[in-house]
Amino acid sequence: MDELYNRAKEFGLVSASPYDRLKGKFKKGAYENIEYLTEEQMQLILNTHPVPGTQMETVRDLFVLQMYTGLSYSDMQAFDIRQYKEETVRDGISEKKTKRFVYRGERVKTGVPFVGVLLPPVVDVLERHGWQVPKMPNQKYNCLLKTFGAVIGIDGLHSHLARHTFATYMLSKGAKVQNVMRMLGHKKIDQTMRYAKVIAKDVQDDFEMVGGDFEQ
């Protein structure tokens, strides 16, 4: 990993070692072998800042955008900030008012209705790119994602993994399955339920891990 990092730095792919090259692993659910990133890995990607203006910066930013919107590759590449309406929303816990960019429309490929809200990490990416999503061919994007992942210690990154991560992340934070269904633009709730089953399985596994301490 040290050699890979040094080569990446030499060619301007990264400027600093993220988390001292922390190695992460995918969490694999028992249902349909869904892979997604842990919150620790998500934070690692957020804290990784490749050299500005390089392809690695673009790839990192595209993945962050997908990871916090749940957009597919085609929907991401068709992104248009003019389709989003700035709305004032109220935090359900602190009652603090804040502004969010909200989109209510249809998915590019399927025409299925979905709702999107731009969270702060996404707004940060868009602001740095002039509120436009950088264009990159899907094959090239996925190829460079593997390189980016290898540099930071997360093997096998690919575009659709970001969508899986978004779904499991939102559900783990307490979002309702029906709402996540709309966020992802799924036709049937069964498509979304598979993520809920993965979350439930991981929670059960954690209980079993702790329960084993009382049986020794």
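Before reading further, recall that the structure is shown in the block above.
Residues numbered from 1 in each chain as written. Predicted model: local features only at pLDDT ≥ 70, side-chain atom pairs only at ≥ 80, totals over all residues. Heavy atoms only, no water.

Participant: Report on the overall build of the protein chain, specifying residues and quantitative values.
Facilitator: Scanning the protein chain from N- to C-terminus turns up nine helices and five strands. For the protein chain, with 216 residues in total, the buried portion stands at 43%. For the protein chain, the proportion of contacts with a sequence separation of at least 24, taken over those separated by at least 6, is 58%. Carbon and sulfur atoms make up 50% of the accessible area of the protein chain, which totals about 12,400 Å². (Helix = DSSP H or I, 4+ residues; strand = E, 2+ residues; numbered from the N terminus. Buried < 20%, exposed > 50% of the residue type's maximum accessible area, 1.4 Å probe, protein only. Contact = heavy atoms within 4.5 Å. Areas by Shrake-Rupley, 256 points an atom, 1.4 Å probe, with all protein chains shown as cover.)

Participant: Lay out the pattern of salt bridges in plain terms, naming residues and giving numbers.
Facilitator: What the rule picks out here adds up to seven salt bridges. One salt bridge connects lysine 173 with glutamate 39, and the closest N-O pair in it is separated by 3.3 Å. Linking lysine 173 in the loop between α7 (159-172) and α8 (177-184) with glutamate 39 in helix α2 (residues 39-46), this pair joins segments that are 134 residues apart in sequence. Here arginine 128 and aspartate 61 are joined by a salt bridge, their closest N and O atoms 2.9 Å apart. Here arginine 128 is found in helix α5 (residues 120-128), whereas its partner aspartate 61 is found in helix α3 (residues 55-67), with 67 residues between them in sequence. Note on arginine 128: relative accessible area 40%, which makes it partly exposed. On the accessibility criterion, aspartate 61 (1% relative accessible area) is buried. (Salt bridge = Lys/Arg side-chain N within 4 Å of Asp/Glu carboxyl O.)

Participant: Quick rundown of unusual backbone geometry? Include the residues and the values.
Facilitator: The phi angle at tryptophan 131 is positive, at roughly 65°, despite the residue not being glycine. Position of tryptophan 131 relative to the elements: it lies in the loop between α5 and α6 (138-152).

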